[in-house]
Amino acid sequence: MNRANLNFFLAGIICMSGLGAPAASAHHSFAVYDNSKTSTLKGTVKAFQWTNPHSVIWIMVQPAGGGAPEEWTIETTSPGVLTRSGWTRKSLNPGDRVSVEFHPLRDGSHGGGLEAVTLLDTGQRLEAKFGAAEKPGLQ
Amino acid sequence: MKKLRSSTTWFAAFAVCTAVVIAMGLGAASARAADKEPIDPAPTLKDYTALAALPDWSGTWTPDMTDQVKQEKTNPPPWTPEIAKQVKKMYADEAAGRPFEVIDHCFPTGMPSWMLITHNAFEILFSPGRVTILGEGDGNRMRRIYTDGRPHPADPDPSFHGHSIGHWEGGTLVIDTIALLPQVYLAVNEAVGIPNDGDMHIVERMHLQGPDTLHDDLEITASKLLTKPWLTTRTYYRQRARKYEIVEGVCAQGGFIDAKDANGHDTFAPITFHDNVPVGSK
């Protein structure tokens, strides 16, 4: 069992023991992110959560000053919208080295709203497009 | 003469009595009819054939989000002065990064906000006596519009999408919606919306505006919020590429990550949120 699976295994145990944090509302406005700023981070994908209403890329990032890798939470739009701009649920996989461009949380917490992600080993760049279907007959 | 008066009185009394008995009988029959639950007839080949005469609204419809923002700025609802103050604060909170969450708790966006502010696609199905709109995004985004000529029920249960009846005027589907939950928002974006407080009424005229463009002309009456009915239009575009087909959208699933339980079975583990934003995978 690798580290990521171990974490999720433990999460499952915690959940069933009733000690886990209650699930909160998954749907919210992206105005929580500072859309006037763009940050960039490099890290390793821990998990890619392909869910409605928002998908989430969980990324482990090595802090510049050393120490243990830190988890970052980069949110993006729904599987339906992502599929139409060329994504699949397998676009990102645990262990992938990525560079993410995102609008950061305003309080400096380790999270943001995705603009684009680049797979460093292949160079493939995937954008998060919310309004990409504003004409008929798109291919 | 005395005898005649007596006969006349007796005859009048008999007539009144007969009328009352007949009226009572009719009243009872009427009450029995009202008590009888309506039964929908089985659709016939003719009913299905008639669908072919309706306009072609097949495919997947995607909203013009740029136009949503333009409409929000150029044609805002005629808010009452008191509501306008609340709306102003919501815009300020949104700009400051503290958005009020109109689409919260994974509730359906509801009507008319679904049509007004959606970022997601929907499809429209015709069947005898019914138009059904199925959305994507939050759970249970679905509108049932009865086109079989029925009226609204006398006292319908309020719901997120209300009770909708519709009829066709040429290629235009005219939809009348009442019975919305008072908590359901009249929203202009995902961070600015006000509960309708109980008497919202929506009339829509949905029609093609060109071969692959659908317009929904909405007239929204909400006396607790608006000084007059608000007339506004939203635009959607037809997609036929298969990758645009509607996918399942279970909102609550976004609060969970794949996990294994103690027996090794696949399960969902809740992720951690702070102020509605996911902040931890466990």
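In this text the structure is predicted, and so the values were computed from the model without any measurement.

**Student:** Could you give an account of the overall build of chain A, with specific residues and numbers?
**Tutor:** Counting its regular elements, chain A contains two helices and six strands. When the helices and strands of chain A are listed from N to C terminus, the series reads α-β-β-β-α-β-β-β. By residue count, 41% of the 139 residues in chain A fall in the buried class. A fraction of 54% describes how many contacts in chain A between residues 6 or more apart in sequence connect residues 24 or more apart.

**Student:** Outline the domain arrangement of chain B, supporting the account with residue identities and numerical values.
**Tutor:** Under the domain assignment used here, chain B contains domain 1 (60-244) and domain 2 (251-280). Taking the mean C-alpha position of each, domain 1 of chain B and domain 2 of chain B sit 31 Å from one another.

**Student:** Give me the lowdown on the environment of Thr172 of chain B, citing residues and values where you can.
**Tutor:** All names here are of chain B. Positionally, Thr172 belongs in strand β6 (residues 172-178). In this structure Thr172 comes out as partly exposed when scored by C-beta crowding, with 16 C-beta atoms within 10 Å. Excluding its chain neighbours within four sequence positions, the residues that come into contact with Thr172 are Arg205, Met206 and His207.

**Student:** Would you mind going over the interface of chain A and chain B in detail, with residue names and values included?
**Tutor:** Each partner contributes residues to the interface: chain A has 53 residues there, and chain B has 57 residues. Contributions of two or more residues to the side of chain A that touches chain B are made by α1 (3-16), β1 (39-49), β2 (55-61), β3 (70-76) and α2 (79-84) of chain A. Looking at the side of chain A that touches chain B, its residues break down into 25 nonpolar, 20 polar and eight charged.

**Student:** Please give an account of the pairing of strand β3 (residues 130-135) of chain B that cites residues and values.
**Tutor:** All names here are of chain B. Of the two faces of β3, only one is covered, namely that formed by Val131, Ile133 and Gly135; the face formed by Arg130, Thr132 and Leu134 stays uncovered. Here six bridges tie strand β2 (residues 122-127) to β3, and the two strands are oriented antiparallel to one another. Bridging across to β3, Glu123 finds its partner in Leu134. Pairing of β3 with strand β4 (residues 142-146) involves five bridges; the strand directions are antiparallel. Within the sheet, the bridge partner assigned to Thr132 lies in β4 and is Arg144.

About the cut-offs
- Residues numbered from 1 in each chain as written.
- Chains lettered and ligands numbered in written order.
- Predicted model: local features only at pLDDT ≥ 70, side-chain atom pairs only at ≥ 80, totals over all residues.
- Helix = DSSP H or I, 4+ residues; strand = E, 2+ residues; numbered from the N terminus.
- Buried ≥ 20, exposed ≤ 12 C-beta atoms within 10 Å, placed from the backbone.
- Contact = placed C-beta atoms within 7 Å.
- Domains from an automatic or database assignment.
- Nonpolar A, V, L, I, M, F, W, Y, C, P; charged D, E, K, R; others polar.
- Pairing = 2+ DSSP bridges.

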